[in-house]
Structure formats: C-alpha cells, structure tokens
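Structure at a glance
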2 protein chains.
Amino acid sequence: MPETTRRADRLTGNRYGNRPTMKDVAARAGVGLKTVSRVVNGEPGVTPDTERRVREAIDALGFRRNDSARVLRKGRTASIGLILEDLADPFYGPLSRAVEEVARAHGALLINGSSAEDPEREQELALALCARRVDGLVVIPAGDDHRYLEPEMRAGVATVFVDRPAGRIDADVVLSDNYGGARDGVAHLIAHGHRRIGFIGDMPRIHTAAERLRGYRAAMEDAGITVAERWMSLGATDPERVRRAAEEMLAGPDPVTAVFAGNNRVTVTVVRVLAERSRRVALVGFDDFELADLLQPGVTVVAQDSAALGRTAAERLFRQLDGTLIAPERIELPTRLITRGSGELPPAD
Amino acid sequence: MPETTRRADRLTGNRYGNRPTMKDVAARAGVGLKTVSRVVNGEPGVTPDTERRVREAIDALGFRRNDSARVLRKGRTASIGLILEDLADPFYGPLSRAVEEVARAHGALLINGSSAEDPEREQELALALCARRVDGLVVIPAGDDHRYLEPEMRAGVATVFVDRPAGRIDADVVLSDNYGGARDGVAHLIAHGHRRIGFIGDMPRIHTAAERLRGYRAAMEDAGITVAERWMSLGATDPERVRRAAEEMLAGPDPVTAVFAGNNRVTVTVVRVLAERSRRVALVGFDDFELADLLQPGVTVVAQDSAALGRTAAERLFRQLDGTLIAPERIELPTRLITRGSGELPPAD
C-alpha cells in the first residue's frame, strides 16, 4: 500500500511536533531502553527509585505507552476519530457523513464513537482512539474540561471541536451561531404578534442550550417583554420531560401562545403535544428535521447546516495535519430561518 | 484500572483460541524471534529464503503484524467495532445505540465506522479496526464475500453480522424477517382491494432489497395477480431515482393504485411525491420512521425492531467472547405491521 504509507508518513509531522519515543524517555531518565520498557509494561526488575525517575520522564514528555508500538505505524492506514454525543440523534447524521467524506478525500478512515453525553465517557473514548493511533480527533464535547487532551495534542494528534467549544484549552472550534439563530427565531414569533412565548431547551450546562436561551432572552428584551420564569424550561430532551414542560406552559389562565423549541429532539415532541390540542399554538424549532415541511402546518425552523459544520471541522483537521494552520480559531457558521407555517400562526387569544 | 484489565484478559480467551504470537511464528519457521521481528517490520538483514519461510509461517498461523503490540493489551480498555453502511440513515440510530448500551454494560467501548455501501471500504474498515485491537466486530455488510475476515476470526476476533447475512463464511447473523414482513405488507394492500401495486426498493444485490422483493412477489402470486415489469423498480435510494420511479408507476393509462416502499429512505420520498398529487394512492413502507404517525394520512409501515437487532447481535458477540457459544447461528426477528391510514386507503379507481 504505497499510497496509504505516504499518507501516514505525511500525517506524522505537524505543528505539534513528533510524539516522544521510549528512547526519549530513557535519555531523560538516564536509564536504558529495557528499563523504560519494563516500567511501561509493568514488568518486574526495576527499583522503586528508578521507576519513579522513568515515570517523571514519561509525564514530562507526554509519552504514552502505546507509542512503543510506533514501528507498527509504518504502512498502516491513516485514520481520524469522531466523538459524537448521541448515535441516534439525526442532527449528527449529515455531520458524520460530511466528516467521513472529507476523511475519505484525504485517504483516511473515519472511526466514530459516542459519549452518550457523559464527560467521563468522552474522555475514555478520546484517549482510547488516541491509543489506537488516530491522526486526529473531531470532538463534539460532552464535558467542559479538555485538559486531558493536551498531552495528545502536544504529541501531534490534530484536534477540532465542533457544535460546542472546548473547555479550558485553546483549540480549534466550529460552531453554529446559536445565540443569533435563537434570537432571530424568537423575534420572528414576536413579529407575528406573540408576547407570551415559551422556551423549552436542553440541559443548561450544554453550551448550545445556554446560548439559545440567551438568544431567546435577548429577543424578548429587545421587544420590551418581561419573561416569566414559568415560560422557560431547560432539562433532558426525553419525550416525557419535554411533554410535561410543554403542557405546563400551555395550561393555566395565561398560557403561552407560542413555543420556541431548543433543538430537534424537543421540536418533535412539541409537535406531538400541539397535534393533540384544538387551540393553535405557534412553533419555531431550532434545527431542521426530516419531513418538517410535510406536517400540517409545516414547521418553521432555525436551520443549522449540520453538513457544513462537519465539513468545516474536518477540513480544518486536515489543514492542521498538513501543517498549514498556526493558531487555533473559533469559526461560527450562520443559521437560516425557514418559514413553513407553524411560526407564522397568530396568537390564539 | 483493575476492572478493565480483568475484562481485557477475560476477552482474550474464546472459542477461536488465542491469537498466534511472533514466538509461534518463529517456532514454526525454525528461526529466531529477532528474525521474525525483522521480517514483520520490514527491516534488512534477512535472506530471501528465510523471509519466505517466515512469511509462510505467518500465513499458516494467521499471524498479524500488530500482534507484536500484544504486550500493549495489558490494561487497555476492551472495545468492539460496529460497521454501518450509512451514518446518516436514521434506521441505524437505534441499532447503534443498542449495540453501544450492550458494550457499555460489558465494560467495553464501541467504535463505529461506515462502509458507505462500498464492499472495499467495508473490508478496509473491518481490518483497520482489527489492527486497532477490537475484541469483536458487529458488521452490517456491504459486500457479499467475507472470507477476508476468516484469519481475524480464527485469531479470536468475535464477529456477528446484522441486518444482512455474511457472504461465503460461516458466521453468526441476526436479521429481520424481510421476506415475511414484505409479504404481509403487500397482502395488507391486496386485502384493501388493490391489484396494481408498485414495489420500489434498494439495489437488488442488497440482501434485504432482494428478500423484500421476494415477499412482494409471493404476496402477489398468492392473490393470483400477475406482476407487470413496470410495477417493480430497484435501484439507488436517492430522492431523484425514487421520485422518477414513483412518477413512472403513477403515470399512464393503468397506473398503480398502491405503492410498497422497500425501506425508510424510499418511503419518505414516496410520501413527498404522493403529497403533491390530488389522487389518493395507498402506501405501505418497510421500516418505521419518526413522525410517520403525524403525517396525513399517517403512514402504515412494516416495522423492524432496529434496537432489538443491535441488542441481539451485541449480546451474541459477548457470548462468543465469553466462550459460551459454539456454532454460528442465523437468528431472524419478526416484523410488525403498524396501520395508520395510508395502507388502508381503497383504490382510487
């Protein structure tokens, strides 16, 4: 496979320099290679003092045990990893496919995994992929502290965050304009006469959820509307929680006349709740989704370009690997309001 | 990590025995370990004759170069790989998530990749995951010849095929009853008075597409209906191709009065085509899909249990790894007809 060999060789050099070897560890610790190998592989025959010196050298250099398999890289296929937060969320379908297409165009394989929105799982998976010698990682982060990736990045693993920013490290990130998109969507409802507008979103610790809530608040404030606490509900996006939240806002003497749904998982549940009711309630959802145009009324959405997020992130990753990028950047992609009927309904009262 | 270490150790033993080591190769070739290492790593200093003997031993034993990294397995996290055929097909969302949940319950990480319906890509990805030391593979096959996996399986990689059978090897496979499900769906249309029923499916080389076509033919034959060639269209499931196929069947002097859609990608396009027409055409789709019940009319489907396919396959994989399975089996899961309106419309003429 001369083609893939060339690719793998080329991918080795980049802005972060080469990975440290066992030889580097041995030199720094002032011991022989065999001693480092014993410590790394947990074999006996090393004094506690020597082991301590070796471990200090390992930490200082950011050496990882699997680098002793360095020789195996020769001839192996280049690969990049993608860490999603939910394998079953259709939003990530076009994003994953776009990352895969860019990887393929660069002769690299894509390997995916899911954090299932669990920061520990994200870390475990990211490090497992690094240990399996991926050349780069595209991460949709679940956690908010990514310092665990710094040794990998120093050791040459290209890294781009997408959909949500990295936490406590300086890294490339590709985002949608979550704040601006939500603000536009809510302003659209206000322009159609609504004042009591509900917001149902994901857990507030998630960057996108917090940004979209901020956009909602800004649009309301711009219109001089004081937001009631009971109009806002943030939490898990499972159908039971979202249904309860929607039903509460739609009940009582002063129900909301419109709902802004914080993501596609929320929107499909709100569509169901509204379909069961006779009173018409306006709806704008963040994220487009399949068949939104065929529902009655069609669902007005603030669409992110999921494929463009994936493509932009992956292209940036390969530019890191090519050594043509210097400083990490934050790239924000615009959203687009698509009107289909549900967001243009007037207030029922 | 004593927990994951135990798991990794336990995963090493299974029905296919342990992977051969460089030592085994050296013994069989009658050479020293260093000589094998030189051949494996492409280093100089080996005579052509010795190299040939080593390569023969490697082939005979099914040894893979990356096994020289064997020592690295100590303490590493157990992992399994899942090969999908399309990252953006929502059918695979619940399947992937179910495989992930089973993996997690067994303390293993799940790593995914997509073949993009390309047999070469499938092979490349499967072997790349094996080289990255996955303990097992769940494969939704794109190709029809999986002999390339035999050395891996002999070397101890647990393997289960799902959604479509393995080709030319004896392996565990978990399928839906594609034939029976399609036959029931078409019989349902016949029971509602239809005789001119179209079938739009995926490429005929795909097992599920061929089986569903067989079910369609069986139902028609059972009812004594002679199928016209122009009622059947198999090919890519992109919207353009499906739209053209549907429009052709719906045109002319004797148009079909009902359509059986061969999978969820086909169904959503047919729904669009029918929504544009005034004449009502009945529709039953293979695969359930999100919001099918909220369309007007609701879409009647033959539902596969995508999560059960994934769960069953993954559980079987771990039973292979536990050494509690002996012979490969073919497991078929039933489908379920869900009536929602579109499949119960009478013929328009």
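Conventions adopted
- Residues numbered from 1 in each chain as written.
- Chains lettered and ligands numbered in written order.
- Predicted model: local features only at pLDDT ≥ 70, side-chain atom pairs only at ≥ 80, totals over all residues.
- Heavy atoms only, no water.
- Core = buried A, V, L, I, M, F, W, Y, C linked by side-chain atoms within 4.5 Å.
- Buried < 20%, exposed > 50% of the residue type's maximum accessible area, 1.4 Å probe, protein only.
- Contact = heavy atoms within 4.5 Å.
- Helix = DSSP H or I, 4+ residues; strand = E, 2+ residues; numbered from the N terminus.
- Phe/Tyr/Trp six-rings, centres within 6.5 Å; stacked < 30°, edge-to-face > 60°.
- Lys NZ or Arg CZ within 6 Å of the ring centre and 35° of its normal.
- Pairing = 2+ DSSP bridges.
- Axes fitted to C-alpha atoms, helices over the stretch in contact; angles between N-to-C directions.
- Salt bridge = Lys/Arg side-chain N within 4 Å of Asp/Glu carboxyl O.
- Right-handed = clockwise from strand over helix to strand, strands pointing away.

**Brief notes about the nonpolar core**
Membership of the largest hydrophobic core comes to 93 residues, with the highest contact counts inside it found for Ile200, Tyr216 and Phe260 of chain A together with Ile200, Tyr216, Met220 and Phe260 of chain B. Apart from residues lying up to four places away in sequence, Phe260 of chain B is in contact with Ala182, Gly185, Val186, Leu189, Ile197, Gly198, Phe199, Ile200, Val284, Phe286 and Val302 of chain B. Ranked by size, the runner-up nonpolar core spans 56 residues in total, among them Val138, Phe318 and Leu321 of chain A together with Ile80 of chain B.

**As for the environment of Ile58 of chain B**
Turning to its location among the elements, Ile58 of chain B is positioned in helix H4 (residues 48-61). Residues Ile58 of chain B and Arg272 of chain B lie 214 residues apart in sequence; the distance between their C-alpha atoms is 56 Å.

**Brief notes about the packing of aromatic side chains**
In this structure the tally under the stated criterion is six aromatic pairs over all chains. Ring geometry for Phe199 of chain A against Tyr216 of chain A: centres 5.3 Å apart, planes inclined by 40°, an arrangement best described as tilted. With Phe199 of chain A in strand E6 (residues 197-201) and Tyr216 of chain A in helix H9 (residues 207-222), the pair connects residues that are 17 residues apart, well separated along the chain. Tyr216 of chain A carries the same exposure label as Phe199 of chain A, and that label is buried. Three or more aromatic residues joined by ring pairs make a cluster, and in this case those are Phe199, Tyr216 and Phe260 of chain A. The aromatic ring of Tyr179 of chain B is capped on one face by Arg214 of chain B, whose charged end is 4.1 Å from the ring centroid.

**Section: the sheet that holds E6 of chain A**
Residue and element names in this part refer to chain A. On the basis of which strands lie adjacent, the open sheet formed by six strands has the order E7-E6-E8-E9-E10-E12 and mixed pairing. One side of each edge strand has no neighbouring strand; the edge strands of this open sheet are strand E7 (232-234) and strand E12 (336-338). Each strand axis lies, on average, 15° off the axis of its neighbour in the sheet, ignoring direction. With three bridges connecting them, strand E9 (residues 282-286) and strand E10 (residues 300-303) associate as parallel partners. In the sheet register, Gly285 faces E10, and the bridge partner there is Val301. Against the sheet, helix H11 (residues 264-275) engages E6, strand E8 (258-261) and E9, with an angle of about 160° to E9.

**So, the pattern of salt bridges**
When the charged atoms of two side chains lie near each other, side chains of opposite charge can form a pair. Residue and element names in this part refer to chain A. Under the counting rule described, the total for this entry stands at 42 salt bridges over all chains. When the shortest N-O distance is used, the salt bridge between Arg164 and Glu85 registers 3.7 Å. Taken together, the residues span a long stretch of sequence, with Arg164 in the loop between strand E4 (158-162) and strand E5 (172-176) and Glu85 in the loop between strand E1 (79-84) and helix H5 (92-105) at a distance of 79 residues. No difference in accessibility class separates Arg164 from Glu85, as the two residues are buried. Between Arg340 and Asp288 there is a salt bridge; the shortest N-O distance is 2.9 Å. With a gap of 52 residues between them, Arg340 in the segment after E12 and Asp288 in the loop between E9 and E10 connect regions that are remote in the sequence. In this structure Arg340 comes out as partly exposed when scored by relative accessible area, which is 24%.

**Concerning the sheet that holds strand E9 (residues 282-286) of chain B**
All names here are of chain B. An order of E7-E6-E8-E9-E10-E12 is seen for the six strands of this open sheet, with the pairing classed as mixed. Pairing within the sheet leaves two strands with one partner each, and these edge strands are strand E7 (232-234) and strand E12 (336-338). In this sheet, adjacent strand axes meet at a mean angle of 15° when their direction is disregarded. Its contacts with the sheet place helix H8 (residues 178-191) against strand E6 (197-201), strand E8 (258-261), E9, strand E10 (300-303) and E12, and it is angled at close to 170° to E9. Lying on the sheet, helix H11 (residues 264-275) is in contact with E6, E8 and E9; it crosses E9 at an angle near 160°.

**Points about the pairing of E8 of chain B**
One face of the sheet, then the other: side chains in a regular strand alternate in exactly this way. Residues and elements named next belong to chain B. By the alternation rule, side chains of E8 split into Ala258 and Phe260 and Val259 and Ala261, which are all buried. Note that E6 and E8 share four bridges and pair parallel. Each bridged residue has a counterpart across the sheet, and for Ile197 the counterpart in E8 is Ala258. For the crossover that starts at E8, traverses H11 and ends in the parallel E9, the hand is right-handed.

**Digging into the pairing of strand E5 (residues 172-176) of chain B**
All names here are of chain B. Across the five residues that make up E5, a large majority, five, are buried. Residues Asp172, Val174 and Ser176 of E5 are buried on one face, and the alternating residues Val173 and Leu175, pointing to the opposite face, are buried as well. As paired elements, strand E4 (residues 158-162) and E5 share three bridges and run parallel to each other. Residue Val162 lies in a different strand from E5, and its bridge partner there is Val174. Relative to strand E11 (residues 330-333), E5 is paired through four bridges, and the arrangement is parallel. The partner of Val173 across the bridge, within E11, is Arg330.

No statement about biological role is implied by the geometric values presented.
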